[in-house]
Amino acid sequence: MNSDALQKVRVLFVCLGNICRSPTAEGVFRERVKQAGLDSRIEIDSAGTGDWHIGRAPDKRAQKFAARAGYDISDLRARQVSGQDFSRFDYVLAMDGQNLADLQQMQPAGWQGSLALFLGFHPELDVREVPDPYTGDEQAFIEVVELIERGADALLEDIRKKLG
Ligand code: 4NP
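Just so it is clear, the structure is predicted and the values come from calculations on it, not from any experiment.

Rules used throughout
Residues numbered from 1 in each chain as written. Predicted model: local features only at pLDDT ≥ 70, side-chain atom pairs only at ≥ 80, totals over all residues. Heavy atoms only, no water. Pairing = 2+ DSSP bridges. Helix = DSSP H or I, 4+ residues; strand = E, 2+ residues; numbered from the N terminus. Right-handed = clockwise from strand over helix to strand, strands pointing away. Buried < 20%, exposed > 50% of the residue type's maximum accessible area, 1.4 Å probe, protein only. Contact = heavy atoms within 4.5 Å. Near = heavy atom within 4 Å. Polar contact = N/O pair within 3.5 Å; in protein donor to acceptor, adjacent residues only side chain to side chain. Nonpolar A, V, L, I, M, F, W, Y, C, P; charged D, E, K, R; others polar. Axes fitted to C-alpha atoms, helices over the stretch in contact; angles between N-to-C directions. Parallel < 35°, antiparallel > 145°, perpendicular 65-115°, else oblique. Left-handed = near helix turned anticlockwise from the far one by under 90°. Salt bridge = Lys/Arg side-chain N within 4 Å of Asp/Glu carboxyl O. Phe/Tyr/Trp six-rings, centres within 6.5 Å; stacked < 30°, edge-to-face > 60°.

**Student:** Just to check I follow, could you spell out the pairing of strand β4 (residues 114-117) for this structure?
**Tutor:** Sheet faces and side chains relate simply in a regular strand, where the side chains alternate between the two faces. Pairing between strand β3 (residues 91-94) and β4: four bridges, direction parallel. Bridging across to β4, leucine 93 finds its partner in alanine 116. The parallel pair β3 and β4 is bridged by helix α4 (residues 97-106), and the resulting crossover is right-handed.

Right, here's the structure in full:
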């Protein structure tokens, strides 16, 4: 047995409101992990840096285009990220650079996890951020789902190696 292999990995997706991008990432990644048979070894959650939407279901447009691609995110409820999340999660993954900067301010000294841009795990994508679709049109939401699907595949590859 490889003693370096992790038994369990905990992943937190973070955006601004926790009603569009990060719940979509949670729903897509949950499905990928389930298909890979890794649900007992990978824990998944999402949160927002802002507090405006705490307790709310995902934006109707995010729900609609996630559902259209096969992901039911209707049961998710928004929450705000907290400093304690860093002790709970191994990966804290930001949707855009501002989310990352906000999280860097909260990161406790000595924390051993990975705080990074979610799309940074993809070796070939030329976009590094999942753009905020909140004030955009329906196409913006469709593109969010597509980008997140690509990011989720790359993230799963990375985590698989660590799980051994
Ligand atoms: P999210 O999108 O960060 O992907 O959930 C947003 C949702 C709400 C707001 C901004 C972005 N807002 O300003 O209320």
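Here the narrative resumes, following the displayed structure.
**Student:** Explain helix α2 (residues 60-68) to me, please; I cannot follow it from the model alone.
**Tutor:** Two residues of an α-helix separated by three or four positions point the same way, owing to the 3.6 residues in each turn. The complete set of buried residues in α2 reads Ala62, Gln63, Phe65 and Ala66. At its buried positions, α2 is contacted by α1 (21-35) and α5 (138-163). Looking one or two residues beyond α2, the residue adopting positive phi is glycine 70, at roughly 105 degrees.

**Student:** How should I be thinking about the site of the ligand in this particular structure?
**Tutor:** Residues in contact with the ligand, as listed here, are Cys15, Leu16, Gly17, Asn18, Ile19, Cys20, Arg21, His53, Asp132 and Tyr134. At a separation of 3.0 Å, an oxygen atom of the ligand approaches a polar backbone atom of isoleucine 19. In this structure, an oxygen atom belonging to the ligand sits 2.8 Å away from a side-chain N or O atom of histidine 53. Of the residues assigned to the shell around the ligand, the class counts are five nonpolar, three polar and two charged.

**Student:** Would you mind going over the packing of α1 against α5 with me for this structure?
**Tutor:** The geometry of a pair of packed helices is captured by two quantities: the angle between their axes and the separation between those axes. In contact at an axis separation of 9 Å, α1 and α5 are set at 50 degrees when each is read in the N-to-C sense. In this view, α1 runs oblique relative to α5, as classed from their interaxial angle. The hand of the α1/α5 crossing is right-handed. Contacts between α1 and α5 involve Arg21, Thr24, Ala25, Val28, Phe29, Arg32 and Val33 on the former and, on the latter, Val144, Val145, Ile148, Glu149, Ala152, Asp153, Leu155, Leu156 and Ile159.

**Student:** Sorry if this is basic, but what is going on with the pattern of salt bridges here?
**Tutor:** Where charged atoms from two side chains of opposite charge come close, those side chains can pair. Tallied over the full model, the rule gives 11 salt bridges. With a closest N to O distance of 2.8 Å, aspartate 59 and arginine 61 form a salt bridge. On the accessibility criterion, arginine 61 (25% relative accessible area) is partly exposed. The closest approach of N and O atoms between glutamate 138 and lysine 64, which form a salt bridge, is 3.0 Å. Of the two residues, glutamate 138 sits in helix α5 while lysine 64 sits in helix α2, which places them 74 residues apart along the sequence. Put simply, Asp45, Arg79, Asp85 and Arg88 are held in one network by salt bridges that share partners.

**Student:** What am I meant to see in the packing of aromatic side chains here?
**Tutor:** Note on aromatic pairs: each is described by the distance of the centres and the angle between the planes. What the rule picks out here adds up to four aromatic pairs. When the centroid spacing of 5.0 Å and the interplanar angle of 90 degrees are considered together, the rings of phenylalanine 86 and tryptophan 111 count as edge-to-face. Of this pair, phenylalanine 86 sits in helix α3 (residues 85-88) while tryptophan 111 is found in the loop between α4 and β4, placing the two residues 25 residues apart along the sequence. You'll find phenylalanine 86 and tryptophan 111 in the same group, each marked buried. Geometrically, the ring pair formed by tyrosine 91 and phenylalanine 121 is tilted, given 5.8 Å between the ring centres and 50 degrees between the ring planes. Placement of tyrosine 91 in strand β3 and of phenylalanine 121 in the loop between β4 and α5 is noted, with a sequence separation of 30 residues between them. Each residue in the set Phe13, Phe29 and Phe118 is aromatic and connected to the rest through ring pairs, giving one cluster.

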